[in-house]
Amino acid sequence: MSYAAYKMMHYPTGIENCASGYITHSISDFTPPLPQLPTDDVDPDDWPGPTSSGPTNGIGPVPNLVVSAANVLEVYTIRVATAAEAKDVKRGGVMSGVSGVSLELACHYRLHGNIESIAVLSVGGGDSSRRRDAIILAFRDAKISVLEYDDSIHGLRASSLHCFEGSDWLHLKRGRESFARGPLVKVDPQGRCGGVLVYDLQMIILKTVQAGSGFAGEDESFSYGGGASARVDSSYIINLRDLDIKHVKDFVYVHGYIEPVLVILHERELTWAGRISWKHHTCMLSALSINTTMKQHPIIWSAMNLPHDAYKLLAVPSPIGGVLVICANAIHYHSQSMSCSLAVNNYATSADGSQEMLRSSFNVELDAAHATWLANDVAMLSTKSGELLLLTLVYDGRVVQRLDLVKSRASVLTSGITTVGSSLFFLGSRLGDSMLVQYSSGTVATVSSSASKEELEAIKFWNRDMILNLAGVKDYSLEQVADIEGDAPSTKRLRRSSSDALQDIFGSEELSLYGSTPNKADSTQKSFSFAARDSLINVGPLKDFAYGLRINANANATGITKQSNYELVCCSGHGKHGALCVLQRSVRPDVITEVELPGVTGIWTVYHKSSRNHSSDASRIAAEEDEYHAYLVISLEARTMVLETAEMLGEVTESVDYYVQGSTIAAGNLFGRRRVIQVYANGARILDGPYSTKEIILGTSSTESGSASENVFVSAVSIADPYVLLKMSDNSIQLLVGDPSSSTISIKVPSVFEGSKKSISACTLYNDRGPEPWLRKASTDAWLSSGVGEAIDAADGLPHGDIYCVVCYDTGTLEIYDVPNFKCVFSVEKFISGKAHLVDSSVEEMLGEPLKALKNAEDLVGQGRKENKQNIQVAELAMHRWSGQHSRPFLFGILTDGTILCYQAFLFELQENIKNDDVKGVKDSIMVDNSSSRLRNLRFLRIPLDMHTREEISGQGTFPRFSVFKNVGGCQGFFLSGLRPAWFMEFRERLRVHPQLCDGSIVAFAVLHNVNCNHGFIYVTSQGFLKICQLPAGLNYDNYWPVQKMPLKGTPHQVTYFAEKNLYPIIVSTSVAKPLTQILSSMADQESGHQVDHSNLSPDELHGAYNVDEFEIRILEPEKSGAIWQTKATIPMQSLENALTVRMVTLLNITTNENETLLAVGTAYVQGEDVAARGRVLLYALGRSENPQNLVSEVYSKELKGAISALASLQGHLLIAAGPKIILHKWTGSELNGVAFFDAPPLHVVSLNIVKNFILIGDIHKSIYFLSWKEQGAQLNLLAKDFGSLDCFSTEFLIDGSTLSLVVSDEQKNVQILYYAPKLSESWKGQKLLSRAEFHIGAHVTKFLRLQMLPASSNAAPTADKTNRYALLFGTLDGSIGCVAPLDELSFRRLQSLQKKLVDAVPHFAGLNPRSFRQFQSNGRAHRPGPENIVDCELLCHYEMLPLEEQLEIAQQIGTTRLQILSNINDLAVGTSFL
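Predicted, not measured: the structure shown is a model, and the values here were computed from it.

Which residues make up the pattern of salt bridges, and what are the values?
Charged atoms that come close allow side chains of opposite charge to pair. Applying the stated criterion across every chain, the model contains 45 salt bridges. Between R1414 and D1432 there is a salt bridge, with the nearest N and O atoms lying 3.2 Å from each other. Taken together, the residues R1414 in the loop between α13 (1410–1413) and β88 (1430–1432) and D1432 in strand β88 connect sequence positions 18 residues apart. For the pair R1414 and D1432, one class covers both residues: buried. Counted as one network, the salt bridges with shared partners bring together E148, D150, R157 and R231.

Describe the confidence of the model for the protein chain, with residues and values.
Fine structural detail should not be taken from predicted coordinates in areas where pLDDT scores are low. For the protein chain, the mean per-residue pLDDT works out to 82, and 81% of the residues sit at or above 70. Contacts for the low-pLDDT stretch residues 444–482, under 50 throughout, to residues beyond four places or in other chains number 69 contacts. Long-range and interchain partners of residues 782–799, a stretch whose pLDDT sits below 50, account for 36 contacts in this model, where long-range means more than four residues apart.

So what's going on with unusual backbone geometry? Residues and values would help.
Cis geometry is found at the peptide bond from S318 to P319, where omega equals 0 degrees. Despite not being glycine, A1274 has its phi angle at roughly 45 degrees, a positive value. Here A1274 is to be found in the loop between β79 (1264–1270) and β80 (1275–1281). Judged by relative accessible area, A1274 falls into the partly exposed class, the value being 28%. Of note, L1475 is a non-glycine position whose phi angle comes to about 60 degrees, a positive value. With respect to the secondary-structure elements, L1475 resides in the segment after α16 (1458–1471).

An account of the sheet that holds strand β19 (residues 323–326) is needed here, citing residue identities and associated values.
Sheet strands line up and pair through hydrogen bonds in the backbone, either parallel or antiparallel. Reading across from one edge, β18-β19-β20-β21 is the order of the four strands in this open sheet, with antiparallel pairing throughout. Only two strands of the sheet have a single neighbouring strand rather than two, namely β18 (312–315) and β21 (339–343). Each neighbouring strand pair of the sheet contributes to a mean axis angle of 20 degrees, computed without reference to strand direction. Relative to β19, β18 runs antiparallel, the two sharing four bridges. Bridge pairing links K312 to I326 in β19.

Account for the nonpolar core, naming residues and giving values.
Within the largest apolar cluster, 63 residues are counted, with the highest numbers of intra-cluster contacts made by L568, L1369, L1398 and Y1439. Of the residues forming this core, the biggest block, six residues, is contributed by strand β1 (residues 3–10). Residues V828, F831, L938 and L1448 belong to the second largest nonpolar core, which totals 30 residues.

Residues and numbers for the environment of G575, please.
Its location among the elements puts G575 in the loop between β33 (566–572) and β34 (579–583). Each C-alpha atom, one on G575 and one on T1070, is 6.8 Å from the other, the two residues being 495 residues apart in sequence. Those residues within four positions of G575 in sequence are excluded, and the remaining contacts are K1049, G1050 and T1051.

I'd like a rundown of the packing of aromatic side chains, residues and numbers included.
Taken as a whole and assessed by the stated rule, the structure comprises 39 aromatic pairs. Relative to Y804, the ring of Y766 lies with its centre 6.5 Å away and its plane at 25 degrees, an arrangement referred to as stacked. Here Y766, found in strand β48 (residues 760–768), pairs with Y804, found in strand β49 (residues 802–809); they are 38 residues apart in sequence, far enough to count as distant. Per residue, the accessibility class of Y766 equals that of Y804, and both read buried.

Just give me the short version of the pairing of strand β15 (residues 261–267), but keep the residues and values in it.
Counted residue by residue, β15 has seven buried out of seven residues, so it is predominantly covered. The side-chain alternation of β15 yields two buried faces, one formed by V261, V263, L265 and E267 and the other by L262, I264 and H266. Pairing of strand β14 (residues 248–254) with β15 involves six bridges; the strand directions are antiparallel. Directly across from V254, in β15, lies its bridge partner V261. The pairing of β15 with strand β16 (residues 283–289) spans seven bridges and is classified as antiparallel. Paired with L265 across the strands is L285, a residue of β16.

Can you break down the sheet that holds strand β47 (residues 744–748) residue by residue, with the values?
Pairing is antiparallel across the open sheet formed by four strands, whose spatial order is β44-β45-β46-β47. The sheet is open, and its two borders are formed by β44 (714–720) and β47, each paired with just one other strand. Ignoring strand direction, the axes of neighbouring strands in this sheet form an average angle of 20 degrees.

So, how was this worked out
- Residues numbered from 1 in each chain as written.
- Predicted model: local features only at pLDDT ≥ 70, side-chain atom pairs only at ≥ 80, totals over all residues.
- Heavy atoms only, no water.
- Salt bridge = Lys/Arg side-chain N within 4 Å of Asp/Glu carboxyl O.
- Helix = DSSP H or I, 4+ residues; strand = E, 2+ residues; numbered from the N terminus.
- Buried < 20%, exposed > 50% of the residue type's maximum accessible area, 1.4 Å probe, protein only.
- pLDDT = per-residue confidence, 0-100.
- Contact = heavy atoms within 4.5 Å.
- Pairing = 2+ DSSP bridges.
- Axes fitted to C-alpha atoms, helices over the stretch in contact; angles between N-to-C directions.
- Core = buried A, V, L, I, M, F, W, Y, C linked by side-chain atoms within 4.5 Å.
- Phe/Tyr/Trp six-rings, centres within 6.5 Å; stacked < 30°, edge-to-face > 60°.

Below you can see the structure in the form of structure tokens.
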């Protein structure tokens, strides 16, 4: 194995940065849902609370939310449902007239670089501003990208890039190689400039384009693609050393100055733990006034003597101004004229030690806190233990008199917190799920009167336990902190949102912050209540995982289908957000029944109700959702079966008038589900329940020349009530038009297609239904139709929406017609090439010459390779819009080469004044159906799919592969049948792709909802089995992989799997507060004769509580799908004993000569640096006795010197890493006896891997050691080691045929592949491991798992070398999962040359270079660069997203073919389709 591929399978989910701003819309675009009160039109900077105590009208303009997780950037739009509109109350009850708030994805990008910090550059301008904000991203070491949203591409694009790296800027580093942190971005609140701190001491000032200079809104340079965004004009550097500023800790721009003022927190001279009693107030503030035109920055004020542990600045909003300095033990307020402070615990001291500081009423530690502003005088802090604190600045209009701190709620452990608009905030977290919370504040006299009766009801519905706090229990003590996650399980919780943050329903609860005046009469009291509204699931940080069998595994599966027998059980989260995440990449449905039924060609389920009269719309829609299916139609090769879907599935083929003599092409409902239509090869029938009411013969009567058309039959059908579109076998089209009043149909051949010679390759009908027809907005006279009523009602009073026909010709042109007039409303040439954006051809012509020039160039290029493209056609089309207030239609196409094109529609209005001839006059166009004009503003954006594989489509006789579903187990989307079936589920306007491998190829699929199968589905496998199934409950599908998250209420550390009994032993630690005296005495007990000296502790401190981690091993057993797993047994550790490792080991008992599988635990006592380290080895037998009560029995325990950090079984022996020694033991059945040992000396072994008799050791600082064990001389020999110093995180062997390589991941987020080659001279006679490949992954890899690769389809006969091939699956601290897989040399060379081409051929987002990102990062340590023998699939996946012409051209340039490249990428995907 000399070559490998790196591939991401599950992208990072732990959110590191969050910010909010008006990215996709401006403040002025926001139309208030109800007429706003005039008092609400205040500048958003002031963030006033609602003026009245009753529910206010909505929540004002809502900006976008921007989040980043490692190298993933996402922008969300926040959708607010007001109580007036909503039919059902969403999670969190009703607050301020709002019943639900949800996040909807606006755009998602994967970058070639990890985002270090984010800021949103906003240009003020109040509520009427048309300007939009820009996003500033910073990357290591000093790269800055400014992005703005462009409506014409419906995405972000870079408006400027600023790079301060490379040889020109070497002087900025001042000779240093490594820096403690990446660049930090902050912006001026009024958007005049931004600042980025790079290389610890260089401040880059980004000067923005000023809106004041002329009418920038009307300036041409701004108006490209919608509203103008904030831009950065130029940048320059301030060297802070010149200002005598060293050791910068934080900086911020403050409010209320005419010029931007930058306040920097820095340390004059450093102190250290041993000197703190003398040197403790070492920090200071310096305020610089930034003049960007003159590039001057005088210091205008400064403040000395701040505590050494100050670490964060917070700019106080106007009108107060100034900064808050947050320290570990105190909070200080400073402005140019005054200062005050608040101690938050007993460790805070004042600078000169004399005067007493004002103290808060409770103790809290504030290190690592995050903060944001809820009002202009109230800040919310989130502490490291996950508590939310409210800090009020008591301000009398002149000075800040004092600071008040109160406890609020417990919530997630945050990595960032941001206020979104005036009544929402977002808690971003790397350790738990991130949450969006709504808050409302009012100035009220008493607590109870602020909640209206309805609000009380709604809250009671959500959380009964918290209701006391509202119902007038005024003496609520703030010490009992209620968790945002109320433990009361809400019975009516939606199932799909079963993540841990969703069990955290905030009971709405008031917190009172009393005003400053002692006189009770005029004391204003600010109360805040919270409601959790939405959450984003996070599976990180993945500390360890185990690979075990699913509860519904199939023992007979083989090959690729066997993979969906397995799942990953991961230790994730931390503290109270510790959880067990069960990840399953492929969906394995729960089978209800299974029947063998060979030869099925299609299945459909249809509804039937004789009478349809519902009183109201709402009840009709609800009934439609829950109506049971009446019949199941199964089409076989030569006949059709009809089954009744009542209690039992009973065949009624004989007793119904369905066409049963031949196979059916399609079946569906017409006329609002009152009739069924069944289409077969040369006819169609309309049925009312079991009775046929009309039959139409197709084929012969379609054209005059009867002789030629004898063999014309129906080949494809699309139904959209009341129309049925038929595609005939001679590639012509016929339309069946239904008449709802008489429930009959008639044939019509659209005039557009009658005489046309163009051959149609695929067509479909699209029904644009929903709250309001969406496509109408895209026509140029949309402003006229906005006054027209809702959807057009059919005769029977059912809205059927607008219907369109989407057609694709053999030439590759796609056209959309409106039905039934068949006017072309949208057309696009070369749909098959898969361009990034589809624009109506009439608009393209209008845009004029530049595009034509491009087209000609394209045609010239295309001359040479016509033969490659000719045979690609669109095999199938589908267009659908799922329910949802703001949902947009998706358009899917399958090409004959297996490519799936997925587009999402968006609207973009061109700014030019188009001469619109279509609008005759207002009256006329309201009379005419308003789709008479073209859909000029309609565009489509191509969406990358995380599809794992592709398959070619053979010939004509294929069956439709898209099956749209509206509700299968609470999810909506479509199912793709075929060789490698997959679920495409739609959440938050994004598609989640989940493959289904467990049955191999699937030929037909249909949704089934009846008594025994609630919102389930039916599918038929190619082996001829018909299965009725449901989606597994309890899984959350709104994630890259379906996940079930089970809270552990403690931190999980390591997990292992016991296959025989299907058990998972897990190390869990929980934090317990104990009195200090008890801890000290237990330390003294264990170290006999060692007395602890108490003399330097005060009596208060001795009795104070102190948090210690208590460890235990929990043994969990999986329950049936969806249920929380049961803890079968727990093994507690002794006090101060940490369990470090837990593994299932197989040992050879030398007395009985039998193998025993035991649970081995390695521990260490943590007693401080005065006591020599000790640890224990514990062995347990699991499930020996029949009695389930004592599942676990201890068979051995022994204390050793040094911490036992890793264990493994080696050929029946137990290998133990105890401190600096590696000892091999044999097992007698009651005793472990040492056989061999090895002193390297490693300092602390973090991982131990074994293959045959080879041992791989990873050390925390000394890189890796490669050993072998010889039975004869009973010795452990060092074969080779890596001489470099490397902080190793995880290791594993990589096996490729007969080659053995060693893989190691390190603290700088790299992965290296090394090998042992004693015959090569550079290996120093075999002492040194040589580098095979190295790669920067960009995440800390904590665990590798070796899995055998699956045979790829293309290799006809796999050689022995190919079968013994293993890939490494890895998990990271960001919550991402990926794999490193071996590649053969030919594929590697091909893909590597493609990769080099793609570096230049693809426009990379935010201007990042993929090559520099993937280079080994040594952080200043000496490192010899190794070979770059790993290809990056994250870059290769861009190839499939390129237009077809470019794909062919690039393939030709590197001397290969497109098919060859795609087949290599596909083989890799199939080979690694684990889980």
